[in-house]
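# Coordinate inspection notes
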Amino acid sequence: MWARALWLGLRAPLGGPRGFTSKTDLQGSGRITAEMIEHLERLALVDFGSREAVARLEKAIAFADRLRAVDTDGVEPMESVLEDRCLYLRSDNVVEGNCADELLQNSHRVVEEYFVAPPGNIPLPKLDEQEPFPHS
Amino acid sequence: MAAPVLRRGCRGRLWALACVDGGSCHGRGAPTGSPSNRIRGQSSVAQQPLHTAQKPRKGEHNWAAVVGLEIHAQISSNSKLFSGSQVRFSAPPNSLVSFFDASLPGTLPVLNRRCVEAAVMTGLALNCHINKKSLFDRKHYFYADLPAGYQITQQRLPIAVNGSLTYGVSAGKERGQVIPKTVRVKQIQLEQDSGKSLHDDLRSQTLIDLNRAGVGLLEVVLEPDLSCGEEAATAVRELQLILQTLGTSQANMAEGQLRVDANISVHHPGEPLGVRTEVKNLNSIRFLAKAIDYEIQRQINELENGGEILNETRSFHEKLGCTVSMRDKEAKQDYRFMPEPNLPPLLLYDATSLPIGADPRQVIDIDQIRETLPELPSVTRERLVQQYGMLPEHSFTLLNEVGLLEFFQNVIKETRAEPKKVTSWVLNIFLGYLKQENLAVSESPVTPSALAELLDLLDSRTISSSAAKQVFEELWKREGKTPGQIVSEKQLELMQDRGALEQFCYSVMDVKKGNPRAINKLIGLVRKATLNRADPAVIKEILEKQLSS
């Protein structure tokens, strides 16, 4: 318990992520709101079914926050461990395809060589419609 | 939703002038048929119904519209951007799909060299700065036609930035004057296309065909420098021509190879920009102009009536001629961009930085690509004007119609007639006949050689101008006869015997000496008597001589 408090204390002020802006930035309090959970569930289709799962998420974020303690002023971020590799260029020849039968076997439902999907995205039930789980 | 009242503020031409002079098109009425029809060639601006509102509405201020375009062009290549399956317009469903395209686990993207070259060529043609290092990212969203759940694109660092696209608006007081306008190109990026969804509302399901999934796209993002439907349509048309000339995309809107989304907002000049809406589902240049103008007017009407504009996505409804809200799209999408972990940065080189001893198939030299660029449309037009003395407007028309320029050049090669004559015949008569029967140049019954022969006969004064038109009409009937044959069959040759003509003139002359206007009547009589086989200029000359004697 005390370790966690220590981590929170060590956290440097938010410098802001470089490159991407994402709505999933923490507000800085370390707590995750129900609104945030709903947003994450919608984006990533994961199910935070219990308070325990949310707590685990908070711990994971706090753990990663230790990175902020490192001084990265003037250091270019590494975006990919492949950054020194050569990007292979393929010549423009047709070498694949014609395996519709094989691919369609993966689908639960098929209509005349088309994959079948529900019409549009199925919306997730809204927050107030969900089974509420105990917030601590 | 009430249909917009189109204010008949200005005639089409004046409106186009406003576009050019003011730099911003004011929301006073939509074009009723602008002169730039001729620039656009086959696609003409739809005639808007005129709801006459004689007095301007109360509280009508000056409005300026701001239009930004995002254009997706399918790259013309044999295989897809990251896989070796074929790129083809129509094929049995899911037959052009590889394991990677179907996003089966364990598959990896492998970049197609041709697509990179296409992107560099397009960037160079649009005066962009080519980024020697560009990066690939994942853009996440859920939809059945995107099997991986993300699209590989270039959000952080695209392959080309900061370019410009110059297009010509036909306006100005002199006929045929074309005013060049420029729209800035924000960036060009490589990205994947998604598959196709066929909605089956009856059975409440969607059928997915992944043949298109993974095809390489060039996304060209234009800065919001455009201010009306006409400008947007002309700019897109010019981009289409450039892409087709480069060969990087066939850019056929009807086949979905060129798709345009428009971001539109209105504001009072001097004030901050308004809320913008995005209009999608525009699959022809004509509808693009129509949709943009409608949306501008809709926003103006809404704001003038005290309403507000929602930042939403709208779809253009062709039959109703209006935009409708696409309610099933969420207001704001969080795409959770992240670097594509399976692709290293894309590095391009030029003559100075080319690594020694590198495999030429693995490196791309920007300078080498620049050298292989073909002549761009704007340069071709300039050359036509200089070389053949035609109006700029004519050069636009020649380039606008597929195959017309080649036809024109073939006629020029084979005929002795003056270029101006050829231009006039090709653009007025030949093109007129094609349009009447809705034929492409390739389907023309008249070959360049035939037209060249006809123009030679005209040039040597063997036949008159009206006879030539008759011959052309005959040639169009596809009976396989040459112009020479038609002329002799129908006896259309001009009378070469001056003496016989003089006899005719004497015979019709009423003694109406001194009355110059009567001469036209006499010319008419002689023409009739000679069955139209005499050159009117010669008739006039003889009659004048006879009358004065």
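Residues numbered from 1 in each chain as written. Chains lettered and ligands numbered in written order. Predicted model: local features only at pLDDT ≥ 70, side-chain atom pairs only at ≥ 80, totals over all residues. Heavy atoms only, no water.

The criterion, for reference: UniProt positions are given in the numbering used here, feature names are shortened, and annotations may be inferred rather than shown by experiment.
As annotated in an unreviewed UniProt entry, chain B carries the name Glutamyl-tRNA(Gln) amidotransferase subunit B, mitochondrial and comes from Sapajus apella. Here chain B is described in UniProt, under the heading Subunit (unreviewed entry), as follows: "Subunit of the heterotrimeric GatCAB amidotransferase (AdT) complex, composed of A (QRSL1), B (GATB) and C (GATC) subunits."

The name an unreviewed UniProt entry gives chain A is Glutamyl-tRNA(Gln) amidotransferase subunit C, mitochondrial, with Sapajus apella as the organism. Regarding chain A, the relevant UniProt record gives this comment under Function (unreviewed entry): "Allows the formation of correctly charged Gln-tRNA(Gln) through the transamidation of misacylated Glu-tRNA(Gln) in the mitochondria. The reaction takes place in the presence of glutamine and ATP through an activated gamma-phospho-Glu-tRNA(Gln)."

### As for helix 4 (residues 229-246) of chain B
Residue and element names in this part refer to chain B. For clarity, the threshold we go by: What counts as a helix is a DSSP run of H or I of at least four residues, what counts as a strand is a run of E of at least two, and both are numbered from the N terminus. Between the first and last residue of a helix there are one fewer steps than residues, each counted as 1.5 Å, and that sum is the expected span. A simple rule labels every residue: compare its accessible area, found with a 1.4 Å probe on the protein chains alone, to the largest value its type can have, and call it buried under 20%, exposed over 50%, or partly exposed in between.
For helix 4, which comprises 18 residues, the first-to-last C-alpha distance of 26 Å matches the rise-based estimate of 26 Å (1.5 Å per residue) to within 8%. Along helix 4, 16 of the 18 residues are buried, which leaves the element largely enclosed by surrounding structure. Directly beyond the C-terminal end of helix 4, a positive phi value near 85 degrees is found at Gly247.

### Describing the domain arrangement of chain B
Stated precisely, the cut-off is as follows: Here the bounds of each domain stem from an automatic or database domain assignment.
Assigned domains within chain B: domain 1 (64-339), domain 2 (386-490) and domain 3 (498-548). Placing a centre on the C-alpha atoms of domain 1 of chain B and another on those of domain 3 of chain B gives a separation of 65 Å.

### Focus on the nonpolar core
Residue and element names in this part refer to chain B. The following threshold applies: Nonpolar cores were defined as sets of buried Ala, Val, Leu, Ile, Met, Phe, Trp, Tyr and Cys residues, with membership established by side-chain atoms within 4.5 Å. Residue contacts follow a heavy-atom distance rule, with two residues in contact if any of their heavy atoms lie within 4.5 Å.
In terms of nonpolar packing, the biggest core is built from 73 residues, with Leu69, Val116 and Leu190 touching the most fellow members. Setting aside chain neighbours within four positions, we find Leu69 in contact with Val220, Val221, Leu222, Leu226, Ala232, Val236, Val260, Asp261, Ala262, Leu288 and Ile292. Grouped together as the second largest cluster of nonpolar side chains are 41 residues, Leu384, Ile412, Val426 and Ala468 included.

### Quick notes on the sheet that holds strand 5 (residues 137-140) of chain B
All names here are of chain B. Let me state the cut-off plainly: Two strands pair if DSSP finds at least two bridges between them.
Read across the open sheet, the three strands follow the order 6-5-16; overall the sheet is antiparallel. The sheet is open, and its two borders are formed by strand 6 (150-153) and strand 16 (338-339), each paired with just one other strand. Two strands pair when backbone bridges link them, and strand 5 and strand 6 are joined in this way by four bridges, in the antiparallel orientation. When the sheet's bridge partners are listed, His140 is paired in strand 6 with Tyr150.

### Comments concerning the side chain of Gln187(B)
All names here are of chain B. Keep this limit in mind: In protein, a polar contact means a hydrogen-donor-capable atom and an acceptor-capable atom, both N or O and within 3.5 Å, with residues adjacent in sequence counting only if both atoms are side-chain atoms; elsewhere, any N or O pair within 3.5 Å suffices.
Residue placement: Gln187 occurs in strand 8 (residues 178-192). A distance of 2.4 Å separates polar atoms of two side chains, one belonging to Gln187 and the other to Gln189. In this structure, Gln187 is in contact with Gln154, Pro158, Ala160, Val161, Glu219, Val220 and Val221, ignoring residues within four places of it in sequence.

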